[in-house]
Amino acid sequence: MLEKIQELVAEGLGVNASEVVETANFKEDLGADSLDLFELVMSLEEEFGVEIPTEDLENIATVGDVIKYIEAHK
Amino acid sequence: MQTEITKLLGIEYPIVQGGMAWVAEYHLAAAVSEAGGLGLIGSGGAPAEWVREQVREAKKLTDKPFGVNVMLMNPESDKIAQVLAEEGVKVVTTGAGSPEKYIKMWKDAGMKVIPVVASVALAKRMERCGADAVVAEGCEAGGHIGENTTMVLVPQIVDAVNIPVIAAGGIADGRGVAAAFMLGAQAVQLGTHFVVSNECVVHDNYKKAIIKARDIDSRVTGRTIGHPVRALRNQMTNEYIKQENAGATVEELELLTLGGLRKAVVEGDVTTGSVMAGQIAGMVKEEMSCQELIQKLMREASELLGGKRFE
């Protein structure tokens, strides 16, 4: 799953896949703004068949948070 | 004059007045609704009880539908969302985020929910969450903005969703209205020109600054910290951009804008306050009543569209 997430994040944010490590913070390390995050969430939802409501989005800051969230909800 | 939006909202003309913080209070909202458009009260950063009072005052001035814009970064958003449902507000628009957690409560209260969006992904997400329409706002607009222009954003959102789209950003005359319709919009939202209307209570200096503005006079501050805001160029924007380029911290930059909009709107300090306005300020040359403005927009647009949409 990490590989797929790396691919989607790297593509969505225009960063190198090697930068998409579990500790990477979307806003601080990967340069995402709030519109980028919505874009990313939509593509992750589609790929993994989960729904991530905005309230939960507020608790997601790093790539690792996303992995944990998807594992818990799929 | 009917479009999907006029039918959805029960209004006469497909013209919405933007829910601008500090600027869009009940006098303006009621005047726009009385003139056949949709007036909005802007909650901005105001407390929930202020919003309740505004809604009650607007109801004394008009029986026609009006709405409230909720700025979702307002710490009292939860309370404001509740107040709108309690007070029977007909329409709510939202800015600065996603209103997902309130949509069910609002729909249960019979309200129409219209989020302002600046990207296709957010528009699709809002449709999925049950929004009745979206406002697609391009970065020509004043205040908090996104990245895409109206010309680029509107047709892509129109293609991506099945709910009606209201175009905003860069519209101040009938040519802009007609162009928005050509891009597939079912209504338009104007902010800047409604600031320069008789019924708008902003300080006269604010109106004069807009009337005086040329095409190149707006600036965007805060892009580097992820909060781009468009305002007319003055000492505040110059200082902000200087410090921003020098790598000032978010906290330092926020000090510069703290209370800036209030300072400009209420005190008329257009030198060190924040005179938020759209790029189209350069085309706003004359103050008129909301009714005159709406009639003018509709007359001009209808001539251009050859009476096809506007009988």
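Fair warning: this is a prediction, and the values are worked out from it, not measured in the lab. (Residues numbered from 1 in each chain as written. Chains lettered and ligands numbered in written order. Predicted model: local features only at pLDDT ≥ 70, side-chain atom pairs only at ≥ 80, totals over all residues. Heavy atoms only, no water.)

Caption draft 1: Structural view of the interface of chain B and chain A. Facing the 10 residues of chain B at the interface are 11 residues of chain A. Applying the counting criterion to the chain B and chain A interface returns 2 salt bridges. Here E45 of chain A makes a salt bridge to R128 of chain B, at a shortest N to O gap of 2.8 Å. The interface formed by chain B and chain A includes 3 residue pairs in polar contact (both at pLDDT 80 or more). Of all the elements in the fold, those that place two or more residues in the side of chain B that touches chain A are α5 (100-108) and α6 (120-128) of chain B. Examining the composition of the side of chain B that touches chain A, we find that 5 residues originate from one element, α6 of chain B, more than from any other. Here the residues of the side of chain B that touches chain A are counted per class, giving 3 nonpolar, 2 polar and 5 charged. (Contact = heavy atoms within 4.5 Å. Salt bridge = Lys/Arg side-chain N within 4 Å of Asp/Glu carboxyl O. Polar contact = N/O pair within 3.5 Å; in protein donor to acceptor, adjacent residues only side chain to side chain. Helix = DSSP H or I, 4+ residues; strand = E, 2+ residues; numbered from the N terminus. Nonpolar A, V, L, I, M, F, W, Y, C, P; charged D, E, K, R; others polar.)

Caption draft 2: Structural view of the packing of aromatic side chains. All names here are of chain B. Applying the stated criterion across every chain, the model contains 1 aromatic pair over all chains. For the pair Y102 and W106, a centre-to-centre distance of 5.3 Å together with 40° between the ring planes defines the contact as tilted. In this pair, Y102 and W106 both sit in helix α5, 4 residues apart, roughly one turn of the helix. Neither residue differs from the other here; Y102 and W106 are each classed as buried. (Phe/Tyr/Trp six-rings, centres within 6.5 Å; stacked < 30°, edge-to-face > 60°. Buried < 20%, exposed > 50% of the residue type's maximum accessible area, 1.4 Å probe, protein only.)

Caption draft 3: Looking closely at the domain arrangement of chain B. Residues and elements named next belong to chain B. Here the domain parsing of chain B yields domain 1 (4-201 + 285-305) and domain 2 (214-267). On a C-alpha basis, the centroid separation for the pair domain 1 and domain 2 is 24 Å. Facing the 13 residues of domain 1 at the interface are 10 residues of domain 2. For the pair domain 1 and domain 2, the summed buried surface comes to about 900 Å²; carbon and sulfur atoms form 62% of the total. Counting the contacts that link domain 1 with domain 2 gives 1 salt bridge. The partner of R223 in a salt bridge is E147, with the nearest N and O atoms 3.7 Å apart. Where domain 1 meets domain 2, there are 4 residue pairs in polar contact (both at pLDDT 80 or more). Broken down by class, the residue content of the side of domain 1 that touches domain 2 amounts to 7 nonpolar, 4 polar and 2 charged. (Domains from an automatic or database assignment. Buried area = accessible area lost by both parts, 1.4 Å probe.)

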